[in-house]
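What follows is each chain in one-letter form.
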Amino acid sequence: MRILVTGGAGYVGSHTVKLLSQRGHDVWVFDNLSTGHSTAVPRDRLIVADLCETHRLDQVLIERGIEAIVHFAASASVGESMREPAKYWRNNVVHSFDLLECVRRHHIQRFVFSSSAAIFGAPRDMPITEEFAPQPINPYGQTKLAIERALHDYHTAYGLGYAALRYFNAAGAATDGSLGEDHNPETHLIPLAILTALGKRASLEIYGTDYPTVDGTCIRDYVHVEDLAEAHALVLEQLKPGTALHYNLGTGRGYSVREVIQTVEAVSGKTIHVKEAPRRPGDPPVLIASSEKIRVELGWQPRYPKLHEIVETAWRWHRKKSSGLR
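Residues numbered from 1 in each chain as written. Predicted model: local features only at pLDDT ≥ 70, side-chain atom pairs only at ≥ 80, totals over all residues. Heavy atoms only, no water.

## Quick look at the sheet that holds strand β2 (residues 26-31)
The seven strands are arranged β3-β2-β1-β4-β5-β6-β11 in an open sheet whose pairing can be described as parallel. Of all strands in the sheet, those bounded by a partner on one side alone are β3 (46-48) and β11 (244-249). Between one strand axis and the next, the sheet turns by 20° as a mean value, whatever way the strands run. Relative to β3, β2 is paired through three bridges, and the arrangement is parallel. Bridging across to β3, F30 finds its partner in I47. (Pairing = 2+ DSSP bridges. Helix = DSSP H or I, 4+ residues; strand = E, 2+ residues; numbered from the N terminus. Axes fitted to C-alpha atoms, helices over the stretch in contact; angles between N-to-C directions.)

## Observations regarding the packing of helix α6 (residues 189-197) against helix α8 (residues 257-268)
Working note: a packed helix pair is described by the angle between its axes plus the distance between those axes. Between α6 and α8, the least distance of the axes is 10 Å, while the angle of their chain directions is 45°. The orientation of α6 relative to α8 falls into the category oblique. Like other packed secondary-structure pairs, α6 and α8 cross with a definite hand, here right-handed. Packed against α6, whose contacting residues are L189, I190, A193, I194 and A197, the element α8 presents V257, V260, V264 and S268 at the interface. Here the contact of α6 with α8 is composed, by residue class, of eight nonpolar, one polar and no charged. (Parallel < 35°, antiparallel > 145°, perpendicular 65-115°, else oblique. Left-handed = near helix turned anticlockwise from the far one by under 90°. Contact = heavy atoms within 4.5 Å. Nonpolar A, V, L, I, M, F, W, Y, C, P; charged D, E, K, R; others polar.)

## A closer look at the sheet that holds strand β12 (residues 255-256)
If you trace the three strands from one edge of the open sheet to the other, you get β12-β9-β14, paired in mixed fashion. Since the sheet does not close on itself, it has two edges, and those belong to β12 and β14 (286-287), each with one partner.

Pasting the structure below:
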């Protein structure tokens with residue numbers, strides 16, 4: 001299949017590009033490199049451009065004979081979305097609409113969307129199934145939900161076949177050591193804890209210690225990035241024109257911030273100095289996924305369901321790649 005991956009030089013995108021290529025697909029990457037890395041994907045497969053450059057999109061879709069889209073390109077920080085909502089509505093919604101219109105013009109009928117657990121907000125009941133009502137509590141989640149709704153409308157009106165994959169906390173690194181998580185600035189807990197253990201940060205902030213959880217800190221469901229890539233490949237290969245799919249992706253097990261820190265300390269053998277800080281706006285107390293639907297329908301099964309395994313892959317990569325992907 002001839003596939004265009006937007007945001008394919010980013011964290012989850014690059015792991016997915018790698019897997020799709022290994023499975024024999026003809027994969028092209030469309031990325032403006034604002035947060036992605038050119039070194040994370042094959043140079044001869046990278047098109048450096050922005051989604052707002054619709055003439056470039058049109059050109060790529062025609063010249064490469066693209067049959068399917070995997071759409072990762074987005075701004076993706078809950079905290080930043082609270083401070084800069086305009087950036088999120090522009091990057092995540094306006095530019096995604098530009099992409100959808102290109103897809104419609106060129107009659108592409110397969111579209112896999114990188115959505116998020118953030119669309120669910122802060123539900124009281126756990127684990128979260130696909131039937132839960134979306135109630136996002138931050139602009140990031142609102143923009144992801146907006147695109148899911150646009151996809152539904154394009155499906156209804158134009159017959160677009162699409163899948164929205166709502167994954168929880170992506171984590172870990174490629175098990176062969178080739179790829180890992182490298183954001184600037186880094187905002188995710190596991191790499192921040194590892195960077196602190198490596199002495200590249202003086203301390204690690206815990207945002208909120210008064211949540212209604214076992215130790216007062218937020219609880220999240222961490223899913224290995226290669227398991228996420230596998231889910232994207234499975235869905236894309238079974239997606240048919242005119243169908244609409246929605247799947248939650250997680251392990252079904254939640255870990256608190258303190259448990260993550262303790263796990264990084266156990267894996268690294270280092271003590272992590274922490275500082276307690278107030279809650280961040282937009283952070284729900286607990287997010288744990290039910291992935292039963294995709295397990296039953298497509299046979300997806302996380303190969304790395306344990307936090308210790310996930311952290312070990314990330315630790316190996318960060319320790320080896322002292323300068324990351326730069």
